[in-house]
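A closer look at the structure
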Amino acid sequence: MTPSHLLSLGVIISACFFLFARFRIRAATLQEQAPSTSLPRFYGWYAAVLAFVPIFLGVCIWVFASTTIVEILLVNRLDSLFASLPEGGRDRFLAEMYSFLDGQPLRTPSPDIAAAANMLIGLRTPVVTTIIALSTVGALSLGFLALRFIEPRFNAHAHIDRTVVFLLLLCSILAIIATLGIILSLLFETVRCFEFVSICQLFSTDWLPRAGNQTALDGDAGKYGVLALFSGTFLISFVAISIALPIGLLVAVYLSQYASHSTRRISKPMLELLAGIPTVVYGFFAIVLVGPFLQRIGGFLGLDVAPQSAMAAGAVMAIMIIPYVSSLCDDALSAVPSALRNGSLALGSTTAETVLNVLLPAALPGISSAVLLAVSRTIGETMIVLMAAGLAANLTLNPLASVTTVTVQIVQSVTGDVEFDSVKTLSAFMLGMLLFVTTLMMNVFAFSLRRRGISHGEV
Amino acid sequence: MNVDPSNALMRDAEAASAEGIPPKMVARSVNVHYGATHALKDVSLDIQGYEVTALIGPSGCGKSTVLRCFNRMNEMFENTQTSGQVTIDGMDIYARDIDVVALRARVGMVFQRPNPFPKSIFDNIAYGPRIHGLAETKEDLEQIVEASLQRAGLWDEVKDRLKQSGTALSDGQQQRLCIARAIAVQPEVILMDEPCSALDPIATGKIEELIEELRTGFTIVIVTHSMQQAARVSQRTAFISRGELGEYGPTVEMFTKPRHERTKDYIMGRYG
Ligand SMILES: Nc1ncnc2c1ncn2[C@@H]1O[C@H](COP(=O)(O)OP(=O)(O)OP(=O)(O)O)[C@@H](O)[C@H]1O
Ligand SMILES: [Mg+2]
């Protein structure tokens, strides 16, 4: 039997209770000659949901906790054996046992390990059986309990309503918990990183992380100045935004004010298609086309353009975010009450004058928030810069030079041979945390601007 | 009673021209379609200069549509089709070579809900003159602003806070600001679409006084839901029902002895 079998069993039990309960309430209303408070199906749902809860819990325990339970039981049995092992020996023993169980032993197993593995297999069956038995018994007893409650005066509808609200709440809490978990794990690793790297060290321009085995040779942990990384990130964002904002805004103005209904219906989805292209394709496009193109242009003008440059990465990223910017600006322009637009047109101004003098000022909060959201996207973008911007940490304002970004260095630090406690790896978490804080602040600011824009628009 | 509408229209048109002054604006057999909706059916209407003409009728009958025919604002909506002829001082405003922007400078409009721009009071008024280049110097502009606000009876209330946002005024003040904004462009005609429906009785009274006063300088067409308002402010009244012109004539006659049964029912509040 697997967890999914148990789940199916639960569904069957619930379905039976649904029918029982519906039958019961019908019979009860007939017998007592009193109408029931809720429709019969709500009594059915009430019993079904109640019966399903133990099964659901059982499945959760089986999936998420049974391995741990079995291991705890095993460790209890083998207490004396582990007492004789050196420090850390227990974890190594268990790891070796699991790989033996997977059929990929690290080396020929000692008899101890084989015996422990057998014991583990032996323990699994009673644990699983207990889980199945307990949840089935629980389901049946809760189901029958529900049937006892059922009578015409019982308001099943209200109970179901409350259950649904509870489920919705549970889901949103899960989402929040996941977010919190990510933030906390970032935070812990960042704190660990600062055990090796002082905060002052961050404010320098040299970024030279060194892997653990290199550090072991000469005791040098590397240099962790993030200024050049952030300057690279912002330089590329700046390039991308200064290209994408004018174009995106003009597209939005055209689509929302000038385009006929049919043009809009065709061109808007086409534009949004751009948003669906994987960023690695954009990166490829940057390397193969935009980079060499910029170099050739630079050659004509007598400028020195690096093969991988902030300009190339920024330009391609601009193409990527144009649909995003234009759709947000479109929203901002459409949120301006049409009364203002009509008022301006009725005074004899052209559409262009209306856009310039009335719509854009009124939509400014929305447009600024669009810019901020777009900036935080460019900051977090990885693939394009990884392919098109380069790896050298340069502190420069020259968009034609090769720069590197925070995201690129995160990738560099955690790919390849990774030991999870070297400073190099920890520094990736630290960068991630800094990046998270930066974009979070921007998004919060952007959303507050947006809210102000919307309340403004309702006047 | 079954009256041939075209006959009635002919009589109305004759009644107007009998006074000897050619009408300011003329609509002839105007039809408006919004997509599949046939909103106006063969409407013909003469608007006399320096008079207030009221459009009354049940909701959805096409009063706003008639109004918007005169400044071509119907074209703002998708799939709108207008046929027939509308002239202002004899000039066909739906002719091919007409500049809509210039037309709207001649025919101003005030909307149902006050819609001041989220700019200062001064900039609200100065908006039109700036766009149309009506003021050469800053002094000129200030003068236009002051004159328009004076004319709209708002000057004394706002002269010390011209820099404040127009949206910070009360609803009644905002509506008078919108009227001043329309006046500032020096139009010949002002169209008003239920200008008082969002206002309290006192603010309404002020606007009605203002309309009475503005008649000396402008031709005014006003849509209203209030019979009393039509009776108070207008010289002529057009009753529109189901997209057709039901009856048109001097307001006094319309309210004392309506010619058509349906008009009578509407005026007595029995229909609509
Ligand atoms: N933008 C539009 N698109 C489609 N149909 C419209 C549009 N505007 C008006 N209509 C239709 O045209 C008809 C006349 O509308 P109009 O707004 O002129 O009526 P109204 O007399 O001003 O009504 P109210 O007194 O409620 O303002 C109505 O049936 C309406 O549904
Ligand atoms: Mg209307």
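Remember, predicted model here, so these are calculated numbers, not experimental data.

Considerations on the interface of chain B and chain A
- With 23 residues of chain B at the contact, the number on the chain A side is 21 residues.
- One can count 0 salt bridges joining chain B with chain A.
- The tally of links from chain B across to chain A stands at 5 residue pairs in polar contact (both at pLDDT 80 or more).
- The class makeup of the residues in the side of chain B that touches chain A is 14 nonpolar, 5 polar and 4 charged.

A closer look at the sheet that holds strand β2 (residues 37–47) of chain B
All names here are of chain B.
- Strand order in this open sheet of 4 strands is β2-β1-β4-β5, and the pairing throughout is antiparallel. Each end of this open sheet is capped by a strand with a single partner; those strands are β2 and β5 (91–92).
- Two strands pair when backbone bridges link them, and strand β1 (residues 25–34) and β2 are joined in this way by 7 bridges, in the antiparallel orientation. Following the sheet pairing, methionine 25 is matched in β2 by isoleucine 47.

Comments concerning helix α4 (residues 121–132) of chain B
- Along α4 of chain B, the residues classified as buried are Ile121, Phe122, Asn124, Ile125, Ala126, Tyr127, Gly128 and Pro129 of chain B.
- Where α4 of chain B is buried, its residues touch α13 (338–346) and α14 (351–380) of chain A together with α5 (138–151), α6 (155–158) and α7 (171–184) of chain B.
- Count one or two residues on from α4 of chain B and you reach glycine 133 of chain B, which has phi positive near 60 degrees.

With respect to the pairing of strand β8 (residues 219–223) of chain B
All names here are of chain B.
- In terms of burial, β8 is a largely internal element, 5 of the 5 residues being buried.
- Alternating residues of β8 divide into Thr219, Val221 and Val223 and Ile220 and Ile222, and every residue in both groups is buried.
- The sheet contact formed by strand β3 (residues 52–56) and β8 spans 4 bridges and is parallel. Of the residues in β8, the one forming a bridge with threonine 53 is valine 221.
- Pairing of strand β7 (residues 189–193) with β8, which is carried by 5 bridges, proceeds in the parallel orientation. From the neighbouring strand, valine 189 faces β8, where its bridge partner is threonine 219.

Thoughts on the site of ligand 1
Residue and element names in this part refer to chain B.
- Taken together, 13 residues lie near ligand 1, and Ser59, Gly60, Lys63, Ser64 and Thr65 sit nearest.
- Glycine 62 is positioned with one of its backbone polar atoms (N or O) 2.9 Å from an oxygen atom of ligand 1.
- Measuring from an oxygen atom of ligand 1, one finds a side-chain N or O atom of glutamate 194 at 3.3 Å.
- Relative to its free-state accessible area of 630 Å², ligand 1 is covered by the protein chains to the extent of 66%.

Things to note about the pairing of strand β9 (residues 236–241) of chain B
Residues and elements named next belong to chain B.
- For β9, a buried count of 6 out of 6 residues is recorded, marking the element as mostly surrounded by other parts of the structure.
- Alternating positions in β9 separate into two faces, Arg236, Ala238 and Ile240 on one and Thr237, Phe239 and Ser241 on the other, with burial throughout.
- Pairing between β3 and β9: 4 bridges, direction parallel. Bridging across to β9, alanine 54 finds its partner in threonine 237.
- As defined by bridge partners, β9 adjoins strand β10 (residues 244–250) across 6 bridges and the pair is classed as antiparallel. By the bridge assignment, isoleucine 240 is partnered in β10 with leucine 245.
- Hairpin geometry of β9 and β10 is characterised by an intervening segment of 2 residues between the two adjacent antiparallel strands and by a positive phi of about 50 degrees at arginine 242.

So, the domain arrangement of chain A
- The domain boundaries assigned to chain A delineate domain 1 (3–154) and domain 2 (224–455).
- The C-alpha-based centres of domain 1 of chain A and domain 2 of chain A are spaced at 49 Å.

What about the sheet that holds β3 of chain B?
Residues and elements named next belong to chain B.
- Here 6 strands make up an open sheet; going across it, the order is β6-β7-β8-β3-β9-β10 and the pairing mixed. At either margin of the open sheet sits one strand with a lone partner, and together these are β6 (107–110) and β10. Taken over all neighbouring pairs, the strand axes of this sheet differ in orientation by 15 degrees on average, direction set aside.
- Along the sheet, α7 makes contact with β6 and β7, crossing β6 at roughly 170 degrees.

So, the nonpolar core
- Ranked by internal contacts, the top residues of the largest apolar core, which has 75 residues, are Ile236 and Leu431 of chain A.
- Of all the secondary-structure elements, those providing two or more residues to this core are α9 (227–258), α11 (279–301), α12 (310–335), α14, α15 (383–388), α16 (406–414) and α17 (423–457) of chain A.
- A total of 15 residues in this core trace back to one element, the largest contributor, which is α12 of chain A.
- In this structure isoleucine 236 of chain A touches Ala310, Ala313, Gly314, Met317, Val385, Ala389, Val403 and Thr405 of chain A, once residues within four positions along its chain are discounted.
- Ranked by size, the runner-up nonpolar core spans 43 residues in total, among them Phe122, Ile144, Cys196 and Ile207 of chain B.

Brief notes about the packing of helix α2 (residues 40–77) of chain A against helix α4 (residues 89–101) of chain A
All names here are of chain A.
- Two numbers describe how α2 lies on α4: the axes approach to 13 Å, and their chain directions differ by 120 degrees. Taken together, the axes of α2 and α4 are oblique relative to one another. Both α2 and α4 take part in a crossing whose hand is right-handed. Two secondary-structure elements touch here, α2 through Glu71, Leu74 and Val75 and α4 through Arg90, Leu94, Met97 and Tyr98.
- Partitioning the contact of α2 with α4 into residue classes produces 5 nonpolar, no polar and 2 charged.

Quick notes on the rules
- Residues numbered from 1 in each chain as written.
- Chains lettered and ligands numbered in written order.
- Predicted model: local features only at pLDDT ≥ 70, side-chain atom pairs only at ≥ 80, totals over all residues.
- Heavy atoms only, no water.
- Contact = heavy atoms within 4.5 Å.
- Salt bridge = Lys/Arg side-chain N within 4 Å of Asp/Glu carboxyl O.
- Polar contact = N/O pair within 3.5 Å; in protein donor to acceptor, adjacent residues only side chain to side chain.
- Nonpolar A, V, L, I, M, F, W, Y, C, P; charged D, E, K, R; others polar.
- Pairing = 2+ DSSP bridges.
- Helix = DSSP H or I, 4+ residues; strand = E, 2+ residues; numbered from the N terminus.
- Buried < 20%, exposed > 50% of the residue type's maximum accessible area, 1.4 Å probe, protein only.
- Near = heavy atom within 4 Å.
- Areas by Shrake-Rupley, 256 points an atom, 1.4 Å probe, with all protein chains shown as cover.
- Domains from an automatic or database assignment.
- Axes fitted to C-alpha atoms, helices over the stretch in contact; angles between N-to-C directions.
- Core = buried A, V, L, I, M, F, W, Y, C linked by side-chain atoms within 4.5 Å.
- Parallel < 35°, antiparallel > 145°, perpendicular 65-115°, else oblique.
- Left-handed = near helix turned anticlockwise from the far one by under 90°.

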